[in-house]
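# Architecture at a glance
In case you want the letters, here they are:
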Amino acid sequence: MIKFLQKLKEQWEVNRACRQTLEIYKTGTAEERQQIEDLLWEVGRSKGDMAQAEAVIKSLRQAL
């Protein structure tokens, strides 16, 4: 039961971070948006999944 609650808390924290990042992307400066995109590209490179990184960035740009 404790492991389930820990996973639930982790998932909530991830969801919260995603919502905050999206809000910054929508309301932030061009420099802040570029920093978020650069971070996403870096994650894509490190995970070997540039297609997924590109899809996420396209989705963010459409949210504007």
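This is a predicted model, so every value here is computed, not measured.

## With respect to helix 3 (residues 50–63)
A rise of 1.5 Å per residue sets the reference length of helix 3, with its 14 residues, at 20 Å; its end C-alpha atoms lie 20 Å apart and thus fit the reference within 8%. For helix 3, the full list of buried residues reads Ala53, Ile57 and Leu60. The arc that holds the buried residues of helix 3, viewed along the axis, is 60°, so those residues lie on one side. Residues of helix 3 that are exposed and point more than 90 degrees away from the buried face comprise Ala51 and Gln62.

## Things to note about the layout of surface pockets
Where empty space is left can be seen by rolling a probe of water-molecule size over the atoms. Empty space within the largest pocket amounts to approximately 190 Å³. Forming the boundary of the largest pocket are Ala17, Cys18, Thr21, Leu22, Ile36, Leu39, Leu40 and Leu60. Only helix 1 (2–27) and helix 2 (30–47) provide two or more residues apiece to the lining of the largest pocket. Of the residues assigned to the lining of the largest pocket, the class counts are seven nonpolar, one polar and no charged.

## Here's the deal with the confidence of the model for the protein
The predicted model of the protein averages 92 in pLDDT, with 100% of residues at 70 or higher. Ranking the elements of the protein by mean pLDDT puts helix 1 last, at 91, and helix 2 first, at 95.

## Some words on the pattern of salt bridges
The tally for this structure, following the rule as stated, stands at four salt bridges. Where glutamate 13 meets lysine 9, a salt bridge forms, and the shortest distance between an N and an O atom there is 3.6 Å. One end of the pair is glutamate 13 and the other is lysine 9, both in helix 1 and four residues apart, which spans about a single turn. Measuring nitrogen to oxygen at the nearest pair gives 2.7 Å for the salt bridge that ties arginine 61 to glutamate 37.

## Concerning the side chain of glutamate 37
Position of glutamate 37 among the secondary structure elements: in helix 2. For glutamate 37, a relative accessible area of 6% corresponds to the buried category. At 2.7 Å, the side chain of glutamate 37 and the side chain of arginine 61 are in polar contact. When residues no more than four places from it in sequence are discounted, the contact partners of glutamate 37 are Tyr25, Ile57 and Arg61.

Definitions and limits used
- Every chain's residues receive numbers from 1 upward, in the order its sequence appears when written.
- Only residues with pLDDT of 70 or above have their local features reported here, since the model is predicted, and side-chain atom pairs are shown and tallied only from 80 upward, although totals for entire chains, interfaces and linings are computed over all residues.
- Each side-chain value is derived from all of the structure's non-hydrogen atoms; neither hydrogens nor water enter the calculation.
- Segments assigned H or I by DSSP are reported as helices when at least four residues long, segments assigned E as strands when at least two residues long, and all are numbered from the N terminus.
- An expected span of 1.5 Å times one less than the residue number is assigned to each helix.
- Note on classification: 1.4 Å probe, protein chains only; a residue is buried when its accessible area is under 20% of the maximum for its type, exposed when over 50%, partly exposed between these limits.
- Throughout, the arc means that of the directions going from the helix axis to the C-beta atoms.
- Detection works on a 1 Å grid of protein atoms alone, calling trapped sets that fit a 1.4 Å probe cavities and calling open sets with protein on both sides within 12 Å along at least five of seven lines pockets, with lining residues defined by an atom within 4 Å of a point.
- Grid points are joined across faces, edges and corners, and a volume is the space filled by probe spheres set on the points.
- Here the term charged refers only to Asp, Glu, Lys and Arg, the term nonpolar to Ala, Val, Leu, Ile, Met, Phe, Trp, Tyr, Cys and Pro, and the term polar to all other amino acids, Gly among them.
- Along the chain, pLDDT gives the predictor's confidence residue by residue, from 0 to 100.
- A carboxyl oxygen of Asp or Glu within 4 Å of a side-chain nitrogen of Lys or Arg is what we treat as a salt bridge.
- Pairs of N or O atoms within 3.5 Å make up the polar contacts considered here, provided that, within protein, one atom can donate a hydrogen while the other can accept it, and that residues adjacent in sequence are counted only when both atoms are side-chain atoms.
- Residues count as neighbours in contact if any of their non-hydrogen atoms are within 4.5 Å of one another.

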